[in-house]
Amino acid sequence: MVNAINDALDIKLKEDRNVVVYGEDVGVEGGVFRVTEGLQMIHGAERVFDSPLAESGIVGTAIGMAIAGMRPVVEMQFCGFIYPAFNQIISHASRMHNRSRGVHKTPMVIRMPYGGGINALEHHSESMEAIFGHIPGLKVIAPSTPHDAKGMLISAIESDDTILFMEPKRIYRAIKQEVAEGKYTIPLGKANVLSQGKDVTVVSFGAMIREVQKAIVMAKEAGISVELIDLRSIYPIDKETIAKSVKKTGRIITVTEGPKSFGLGAEISQIAIEEAFLHLEAPPARVSGYDVIVPLPKGEHHYMQDPLKIFYEIEKIVKY
Amino acid sequence: MVNAINDALDIKLKEDRNVVVYGEDVGVEGGVFRVTEGLQMIHGAERVFDSPLAESGIVGTAIGMAIAGMRPVVEMQFCGFIYPAFNQIISHASRMHNRSRGVHKTPMVIRMPYGGGINALEHHSESMEAIFGHIPGLKVIAPSTPHDAKGMLISAIESDDTILFMEPKRIYRAIKQEVAEGKYTIPLGKANVLSQGKDVTVVSFGAMIREVQKAIVMAKEAGISVELIDLRSIYPIDKETIAKSVKKTGRIITVTEGPKSFGLGAEISQIAIEEAFLHLEAPPARVSGYDVIVPLPKGEHHYMQDPLKIFYEIEKIVKY
Amino acid sequence: MFKEYNPINNKEFQILDHKGKVVAKEMMPPIKDDELLKAYKEMLFARTADLQIVSYQRQGRIYTYPPNYGQEAISGAVGALIKDSDWLVPAFREMGAMLAKGVTLKELFLYFMGYEDGSKFSKAKKTLPISVPIASQLLHAAGLGYAIKYNKEKDLVYAFVGDGGTSEGDFHEAVNFAGVWKVPVIFIIQNNQYGISTPTRMQTASDNLAVKAIAYGVKGIKVDGNDYFAMYKAIQESIKVCEAGEGPVLIEAVTYRKGAHTTSDDPTKYRTKEEEEQWDLKDPLKRLKSYLIAKKIWSDKEEEKVIEQYKVEVDRQFLEAENYGPYPKEDIFKYMYAEMPDDLKDQEREYERFMEWKAARAK
Amino acid sequence: MFKEYNPINNKEFQILDHKGKVVAKEMMPPIKDDELLKAYKEMLFARTADLQIVSYQRQGRIYTYPPNYGQEAISGAVGALIKDSDWLVPAFREMGAMLAKGVTLKELFLYFMGYEDGSKFSKAKKTLPISVPIASQLLHAAGLGYAIKYNKEKDLVYAFVGDGGTSEGDFHEAVNFAGVWKVPVIFIIQNNQYGISTPTRMQTASDNLAVKAIAYGVKGIKVDGNDYFAMYKAIQESIKVCEAGEGPVLIEAVTYRKGAHTTSDDPTKYRTKEEEEQWDLKDPLKRLKSYLIAKKIWSDKEEEKVIEQYKVEVDRQFLEAENYGPYPKEDIFKYMYAEMPDDLKDQEREYERFMEWKAARAK
Ligand SMILES: Cc1ncc(C[n+]2csc(CCOP(=O)(O)OP(=O)(O)O)c2C)c(N)n1
Ligand SMILES: Cc1ncc(C[n+]2csc(CCOP(=O)(O)OP(=O)(O)O)c2C)c(N)n1
Ligand SMILES: [Mg+2]
Ligand SMILES: [Mg+2]
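Residues numbered from 1 in each chain as written. Chains lettered and ligands numbered in written order. Predicted model: local features only at pLDDT ≥ 70, side-chain atom pairs only at ≥ 80, totals over all residues. Heavy atoms only, no water.

## Description of the overall build of chain A
Formally: Strands here mean DSSP runs of E at least two residues long; helices mean DSSP runs of H or I at least four residues long; both are numbered from the N terminus. C-alpha atoms define the radius of gyration in this analysis, and the globule rule sets the expected value at 2.2 Å times the number of residues to the power 0.38. Residue exposure (1.4 Å probe, protein chains only): buried if accessible area is under 20% of the type maximum, exposed if over 50%, otherwise partly exposed. Only heavy atoms matter for contacts: two residues are in contact if any of them lie within 4.5 Å across the pair. Accessible surface is estimated by sampling points in the Shrake-Rupley manner with a 1.4 Å probe; for residues, cover comes only from the protein chains shown. By the counting rule applied here, Lys and Arg register as positive and Asp and Glu as negative, while His and the ends of each chain are not counted. Lysine's charge is taken at NZ, arginine's at CZ, aspartate's at CG and glutamate's at CD.
A count of helical and extended segments in chain A gives 12 helices and 12 strands. Taking 20 Å as the expected radius of gyration for a compact globule of 320 residues, we find that chain A reaches 19 Å, a close match to that expectation. When the backbone C-alpha atoms are referred to their principal axes, chain A occupies close to 60 × 45 × 40 Å. In chain A, which comprises 320 residues, the share counted as buried stands at 76%. The contacts in chain A between residues at least 6 apart in sequence include a share of 82% that link residues at least 24 apart. Here chain A has roughly 8200 Å² of accessible surface; of this, 51% comes from carbon and sulfur atoms. Of the charged side chains in chain A, 35 are positive and 39 negative; the average position of the first set lies 3 Å away from that of the second.

Here it is in C-alpha cells:
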C-alpha cells in the first residue's frame, strides 16, 4: 500500500503543479513509513518538503495554500498526533467553504496512518474515525487495499473538499496486490461489497477488512454466509449499499478498532434500523475496541479485534 | 443556572484550598456570562484568575496542577473554543491516570457553555458532546436545571476523574428555580426520569430538555404519553435507566442539538437495540441537528430542534 | 529602521506625536495631500459607521458587534497600502482594511445581522472572512504567503491578530512557519491593551509584543498604532522586506480599544475612567485632524459635513442589509461541501417534509 | 551570567572545551571529586544501558527505543542537582535524569517492552511518565510550577523538550504561562540538531533556541550541552532564579544525538558521516573523562571495569523485565478512571465471556 500511495502522490505531483506534499520528515527522509520516499528527489524541495514540527501549523498553512488555489497534501505522522491540528480542522478546513458561501474552497488532503497492531508506543495505534466523521464539512475516507489506496487518494487530491485520508498502517506492507499503472480514480463515498452472503452483513473498513475476511473463512466452515462491505468512506456513509445488504441478510455487525461508545458501530446500526427495521432479525451489533486507551504492545491483544472474536460475534448474531 | 454554578464554585472554593478557578476573563470580569462573578473578590486572585488567552495552555496547566494535588476548575469561554485544547484533553487529561497506572490522578473540571439559540456568532453555538463522549478516560456531563447544575458541579469537583462540564448557555438565565442553599451533591452517571409515560421514551439533556417538555405538552393534547429521560451524563451513559424505560414504552427518540452523524442519538439507539431489541415497536429515532455548521442567527431556526419538530417526530414514531 | 527600532530596546516608532506634531520628520513618508485626505476620510467613515453600528445594536437591530473605535489608524494605513492582488486576513476588528479591499458596509452589516452571506464578498477579492477563533487565521496567512512565493508572485499578505491572540499556540506556529519559509506576510498585532477584560501584561511577561519576532528570526517593530504616519511608514518598510524575499515582518501596533470589547461587554468592570481619558488624548483621528488642520487642508466644518454624508450612507447600507430578506433553508446545506454528499441531500429533504407538515398543520 | 550570556548575542556557555580543557575557570562550579566521579559513573551507566538496549532491540527483545547516546551530560547534570521533592517532567530522551529520580532500568525496560507498568514508578516520586506527544508535557510543568508557588513550597520543576518540540504551540503557551505566573520551572531544550530527520534550521529561523526566552520575558541561556560543567553551572544559576521567585528559565542545551532517532530510524538518510565525526569529537563523556584522567581520579582501567559491572547490572534488570509475565486483561480497564463507570465493567465482563468461549472452543 505504501507504494500505491507513493504512486498516487507522484502522479498528481506530475500532473498538477498546484499539488504540494509536506509534513514532518516527509522530504529527505520520505516519511517515517517511507510513504513519500523519493518524491522530493523527483519533484524538488519546493513541492515535497519537511515542515516544522507543528501539526496545527501544517494543517493551518495548508488551508491558506488551498484558498490560494493550491492542492496541498499534508501528512500527520501518526493518528495520535493529529489533535494539535484539531482546531484548524474543525474550525476552518471543514468550514471555510460554508463560511464564505463557496467563495473560498479548501481542496486539501490530510493523510494519516491510523490503527493498531504494530507494537507501537502510546498514541501510535488509534482509530478515531468517529470523531472526524462527526465534523460537518469534512470528508473521511480509508482504503483497505493498495488498489483502493491509489485510486481513492487520487480522487481525494482532485476533490474540492477537505479530505481526511486514513491509512491503515498495519497493512502498509502486508497486502501484496498488483496495482494498475498510471492514473485511475475511485469515486469517493461509495462502499465496496467485497463478498456476497446471505446470513449476515459485516461492515468494516481499513485494516480490519483483512481480519473480517479471515473470520469469514471460519464462518463458512460453520455454515454461515457473510456479506462483507468495505465502507471505504466513513463520511459520508454509503447508506444505500448498507441498506440493500441488510435487507437481504437481516443481520448486521460493524467491526472497528476504535472505542465502542459514540463509535462508527452505533452510526451503522442506526442506519440499519432507519433503513431496514422491519427486515432485522437480530439487533445490529458492533464489534469494537473497548472504551479504553489502546494498550501498549503487551496488552494490545486484549483490545484488538481478531478473526476469532469477529467470528464469535458472527456466530452470536446468527444464533440470536 | 448562572447563580447555581457560581454558588457551587463558591462552596468548593471555601471548603477546599486545592480548588482554583481560572480561564479567560473569569477573574476581574467574572466571565463573559458572569458565571464566576464576585469569586475573585471573595477568594483572591491566586485562586480565581484570568489566564492568558490560550486554551491548550489552560487545560495543560490544569493537568499539572491536578497531578500536584490541586483541583483546578477551568473555563473554556465558549464550546467552539475548546478545540485548541483538544490534544491536552485527549492525550493527557483523559489518560494520565491510566498511563501512570493510577499513580497520577487528574481531578479537574473543564467548564464550558455549549449549545445554540442565543443569536451568536459562528463557533458560539455548538454542541459536540459526541466527540467528547468518544474519548476514553473522560467523563462528560451536562445539567438541565439550576438544581442539577449546582449538585453535579460539586460532585464533579470532588471527583478524582477529569470531567467536562457542559453548561447549556441558552438556559443560563432562563429557568427560575429555587436552589437549595449549602452543599449537596448529585451522583454522576445517573440519568433522571423527568416524566413518566407509556407510549414513547424521549432521551435528551441540557437545554433541549425544556424544548422536549413543551413538545410533551403538545403530545399530551394529541393523546400521546411521553417518558422523558434527562441523561445528565453523556459519558458514561446510564444504560439501565434507558433500558428500563424503552422496555416499557417500546419506542425511543433522542433529541440533541449536535450534528446527526456519529452523534449521541446513534449511541442511544444502539443501547436501546442492545438492551431491548425485542421490545421495540418502532426504530429508535434521532432528532438532531443536520450535518452542517450551526447557521448564523438568521438561519439558526432551520437547524435547531423546536417543540414542534420534536412533536412531529414523536407523532411519527408513535404512528410507525 | 528595523535596526534602529529593534524591539529588544522597547522603543516605539512614532512620527506624529499625540498633539499632532511631527517628531520624526526624516521618517515622514511622502504622502500626497489628496491621498492623505482620502485616507483620513476613510478612517472617518469607518469611525462614523462604527459608532452608528453600536447604536443600531442598542436598538436591537444587529447582534453582537466588536467596535473598532480608536484603532482606525491601523486599518487605515493598511487600507492605503494594500493592493487588490494582496491578501487580507482579518481577525474581527479591521473594518477599515476590509472596506479598503472592497468589502461593503452592507456585507459587514449582513454578517453581524446573522447572515453568512455577509462573508460572500461580492467585490473584495483576496479577502478572507472574519475569523473568530483567535489567532487561528495567522496560519492561513502563512500558507497564502507560501502560495505567493511558490507562484513567484509579488503580492503580500496582511494578517491581523490582537494582543490576546499572541498567547495562542497558533500565533507561534504561524510566525515561525512564515519565518522558516521566508514568505511575504506582514503580521500586525493590534495591541489595544486588552483581550476582553484581560490586560496585556497578563498575557505575557515580555517587554513588548514586537520582541516576539526575535523568537522566529524575523524582523519586528513596535509602532504607535494611533499614529497614521508611523503605521504607514512601518508598513512601507515591511513591504520592502517582504519584496526583497526576506519576509515576514511582525508589527506591534500600540493602540487602545476606546469602545467595549463587543456590544455585550462593559469595560467599566475592568478599566478606569482615567485610563480611558489618558488614551483619549492619543486618539488617532484627532491627532491626524490637528495635523491636517494645521496644514490647512481640512477644517471642522468640512468634517461635520462629511460626517453627515457618511451617516446617511451608513444608514442607507444598513437599511439595505436590514431588508435583505429571509434566509433560505437550502443555504444551510448547500455550501457545506463543494460536492454535496447524498446523505446531506436526504437531510434537506427530511427538513422539507417537516416544513410541509408544519404548513399543513398551520392551516 | 544570564546577562553575559544573553542569547540575543548567540554566545554559547562553555566551561570545559572539546578537548577536556577548562576554558572558563571562574565559572567552574565547586563540585567535590567524589560527587563528580559519581556523576560521571551515572552517565557512564546510562550510556552503557543505552547502547545495550539498542542491541536488545536488534535481537527483537524490546520494541522501538529512542537512544540517549551523546546527550548524557544534560540528564547527568539535572540528575546531580534535582531533589527528591522536585518534579521531573521528561520528554522521552532523558534516561539519566529519570534514573537519578529513582526510576529503575527495569521500569524503563518494561515500558519499552510494551507494559504500562513501566510508568508506574515504584521508587521515583514526583516524576511524570514519558510523554510522547511532542511539547505537550511542558504545560504540565507550568501547572506543577503553579502548584509549588501556590503552596509556597521551595521546589522546582525540570521539564524537557527537543529542538523540534520548540515549534509546537504548546511550547509557546507553556513558557508564556510560566513567564506570566513567574513559576519555578527550568525548561531544558535538548537541541540535538534534529527532530527525527529534520534539521534545527528547518524548525525555526531564529538565531538559536534560547533566544526564544525573550518572547516570554524570561531568562534564557544557550549552553554547550555536551559540557557537564556548563550544564551544571547553568542549572545551578537557574535554580537561584527560580528560588528568588523570578520564575522560569529556558536553557538551550546544544548537543548531538549520536544514535538514531529511534531504533526504527536510519540516520544515514539525512546526515553525513563527516557531521557525525565532527560531533563525535565533542562527545560529553569523552570530554569529561579526559578531564578526570588529567585530574588523576579516573583511568581507562577503572572505566573498563565499571562498564563490565554495568553491563551485568543492565542485563540483570533486563532479564527481570523480560520475565515480568503476562499482561492481565483487567489492566486495560481498571486504570481508566479513578471511579470506573458501570458500562466499562460490563465491557470487561463481555471480554471475559469471549475468553471463556475461546477457551471452551480450544478444548
Ligand atoms: C480560540 C478562542 N478563544 C476564545 C475566544 C473568545 N474571545 C473572543 S475575543 C477574545 C479576546 C481577544 O483579545 P485580543 O486578541 O487582544 O483582540 P481584541 O478583542 O482586543 O481585538 C476572546 C477571548 C475566541 N474567539 N477564540
Ligand atoms: C505532537 C507530535 N507530533 C509528532 C510526533 C512524532 N515524533 C516523535 S519524536 C519526533 C521528533 C522530535 O524531535 P525533537 O523535539 O527534536 O526531539 P528529539 O527526538 O530530537 O529528542 C516526532 C516528530 C510526536 N511524538 N508528537
Ligand atoms: Mg486586544
Ligand atoms: Mg531533536
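Let's pick the thread back up.
## Side note on the interface of chain A and chain B
Where we set the bar: Buried area is a sum: the accessible area each of two parts loses on coming together, probed at 1.4 Å, counted once for each and added. Here, a salt bridge means any Lys or Arg side-chain nitrogen found within 4 Å of an Asp or Glu carboxyl oxygen. Counted as a polar contact is a pair of N or O atoms within 3.5 Å, where, for protein atoms, one must be capable of donating a hydrogen and the other of accepting one, and residues adjacent in sequence contribute only when both atoms are in side chains. Residues are grouped as follows: nonpolar covers Ala, Val, Leu, Ile, Met, Phe, Trp, Tyr, Cys and Pro; charged covers Asp, Glu, Lys and Arg; every other residue, Gly included, is treated as polar.
Taken residue by residue, the interface counts 50 residues in chain A and 50 residues in chain B. At the boundary of chain A with chain B, total buried surface from both sides reaches about 4400 Å², with 62% on carbon and sulfur atoms. Where A:Glu122 meets B:Arg99, a salt bridge forms, and the shortest distance between an N and an O atom there is 2.7 Å. Counting the contacts that link chain A with chain B gives 24 residue pairs in polar contact (both at pLDDT 80 or more). Breaking the side of chain A that touches chain B down by element, the ones donating at least two residues are α4 (86–93), α5 (96–99), α6 (129–133), β10 (233–235), α10 (264–276) and β12 (285–287) of chain A. For the side of chain A that touches chain B, the class distribution of residues is 27 nonpolar, 13 polar and 10 charged.

## A few points about the coordination of the magnesium ion (ligand 3)
Residues and elements named next belong to chain C. Definition in use: Coordination here is defined by N, O and S atoms within 2.8 Å of the metal (3.2 Å for Na, K and Ca), and since water is not considered, a site can look incomplete.
Every protein donor of the magnesium ion (ligand 3) is listed here as Asp 163 (OD), Asn 192 (OD1) and Tyr 194 (O), and their distances to the metal cover 2.0 Å. Along the chain, the residues donating to the magnesium ion (ligand 3) are arranged with the sequence spacing D-x28-N-x1-Y. You'll find Asn 192 and Tyr 194 in the same group, each marked buried.

## Observations concerning the relation of the copies chain A and chain B
Test applied: Copies overlap after least-squares fitting; the atoms used are the C-alpha atoms of residues with pLDDT of at least 70 in both.
Rotating chain A by 180 degrees about the axis while translating it 0.0 Å along that axis superimposes it on chain B, leaving an RMSD of 0.0 Å. When the rotation and shift are considered jointly, the pair of chain copies conforms to a two-fold rotation axis. Both copies share a contact surface, since 100% of the interface residues of chain A are interface residues in chain B too.

## Observations regarding the relation of the copies chain D and chain C
Expressed as a screw operation, the relation of chain D to chain C combines 0.0 Å of axial shift with a rotation of 180 degrees, fitting to an RMSD of 0.1 Å. Interface overlap between copies is the fraction of interface residues in one copy that are interface residues in the other; for chain D against chain C it reaches 100%, indicating a shared surface.

## Describing the domain arrangement of chain A
Residue and element names in this part refer to chain A. To keep things clear, this is the line we draw: Each domain's limits were defined by an automated method or a database of domain assignments.
Each assigned domain of chain A is listed with its residue range as follows: domain 1 (2–171) and domain 2 (192–319). On the domain 2 side, the residues contacting the 28 residues of domain 1 number 27 residues. Taken over both partners, the interface formed by domain 1 and domain 2 buries close to 2100 Å², and the fraction arising from carbon and sulfur atoms is 58%. It is Glu 129, Ser 144 and Arg 170 that lose the most area in domain 1 upon contact with domain 2, and together they represent 24% of the buried surface on that side. Here domain 1 and domain 2 share 2 salt bridges between them. Salt-bridge contacts for Arg 232 lead to Asp 148; the nearest nitrogen and oxygen are separated by 2.9 Å. Where domain 1 touches domain 2, the interface holds 8 residue pairs in polar contact (both at pLDDT 80 or more). Mapped onto the side of domain 1 that touches domain 2, the elements with two or more residues apiece are α6, β5 (139–141) and α7 (146–158).

## Structural notes on the coordination of the magnesium ion (ligand 4)
Residue and element names in this part refer to chain D. Surrounding the magnesium ion (ligand 4) are the protein donor atoms Asp 163 (OD), Asn 192 (OD1) and Tyr 194 (O), at 2.0 Å. Every donor residue of the magnesium ion (ligand 4) comes from the same chain, spaced as D-x28-N-x1-Y. Residue Asp 163 is found in the loop between β2 (157–162) and α6 (169–181), and its partner Tyr 194 is found in strand β4 (residues 194–195); the two are separated by 31 residues along the sequence.

## Things to note about the site of ligand 2
Going by this rule: Any residue with a non-hydrogen atom lying within 4 Å of a molecule or strand is treated as near it.
With respect to spatial proximity, 20 residues lie near ligand 2, and among them A:Glu55, D:Arg93, D:Asp163, D:Gly164 and D:Tyr194 are the closest. One of the backbone N or O atoms of D:Gly165 is found 2.9 Å from an oxygen atom in ligand 2. In the environment of ligand 2, an oxygen atom lies 2.8 Å from a nitrogen or oxygen atom belonging to the backbone of D:Tyr194. In the complex, the protein chains occlude 95% of the 580 Å² of accessible area that ligand 2 would expose alone. For the shell around ligand 2, the class distribution of residues is 8 nonpolar, 7 polar and 5 charged.

## A word on the packing of aromatic side chains
One pair of aromatic rings is described through two measures. These are the centre distance and the angle between the planes. Note the cut-off: Stacked, edge-to-face and tilted labels apply to pairs of Phe, Tyr and Trp rings (six-membered ring for Trp) whose centres lie within 6.5 Å, assigned for plane angles under 30 degrees, over 60, and everything in between, in that order. Any Lys NZ or Arg CZ found within 6 Å of a ring centre and within 35 degrees of that ring's normal is scored as a charge over the ring.
Scanning the entire structure with this criterion turns up 77 aromatic pairs over all chains. With a centroid separation of 4.9 Å and an interplanar angle of 65 degrees, the aromatic rings of C:Tyr5 and C:Phe13 are classed as edge-to-face. On the accessibility criterion, C:Phe13 (0% relative accessible area) is buried. In textbook terms, an aromatic cluster arises when at least three aromatic residues are bridged by ring pairs, as seen for A:Tyr290, A:Phe311, A:Tyr312, D:Phe333, D:Tyr351, D:Phe354 and D:Trp357. The positively charged end of A:Arg17 is found above the aromatic ring belonging to C:Tyr150, 4.1 Å away from the centroid. The ring of D:Trp279 is capped by D:Lys282, whose NZ or CZ atom sits 4.3 Å from the centre of that ring.

## Quick notes on the site of ligand 1
Around ligand 1, 20 residues are found, and the nearest of them are B:Glu55, C:Arg93, C:Asp163, C:Gly164 and C:Tyr194. Taken together, the residues near ligand 1 originate from chains B and C. C:Arg93 is positioned with one of its side-chain polar atoms (N or O) 2.6 Å from an oxygen atom of ligand 1. C:Tyr194 is positioned with one of its backbone polar atoms (N or O) 2.7 Å from an oxygen atom of ligand 1.

## Some points on helix α4 (residues 105–113) of chain C
Among the 9 residues in α4(C), 8 count as buried, and that is most of the element. Among the residues making up α4(C), those that are buried are C:Leu105, C:Glu107, C:Leu108, C:Phe109, C:Leu110, C:Tyr111, C:Phe112 and C:Met113. On its buried face, α4(C) is in contact with α11 (297–303) of chain B together with α1 (33–58), α3 (95–101) and α10 (300–322) of chain C. One or two positions beyond α4(C), positive phi appears at C:Gly114, with a value near 100 degrees.

## Focus on the sheet that holds strand β1 (residues 87–89) of chain C
Residues and elements named next belong to chain C. As a reminder, the rule being used: By the convention used here, strands pair only if DSSP detects at least 2 bridges between them. Here an angle of 0 to 180 degrees is reported between the N-to-C directions of two axes, which are lines fitted to C-alpha atoms, with helices fitted over the stretch in contact.
Strand order in this open sheet of 5 strands is β1-β2-β3-β7-β6, and the pairing throughout is parallel. Looking at strand neighbours, the two that pair on one side only are β1 and β6 (219–224), the edges of this open sheet. Looking at each pair of strands side by side, their axes are set apart by 20 degrees on average, direction ignored.

## Examining the environment of C:Ala80
Residues and elements named next belong to chain C. Along the chain, the position of Ala 80 falls in helix α2 (residues 72–81). On a C-alpha basis, the gap between Ala 80 and Trp 298 in space is 19 Å, while along the polypeptide they are 218 residues apart. If near-sequence neighbours (up to four positions away) are discounted, Ala 80 is found in contact with Tyr 228 and Tyr 232.

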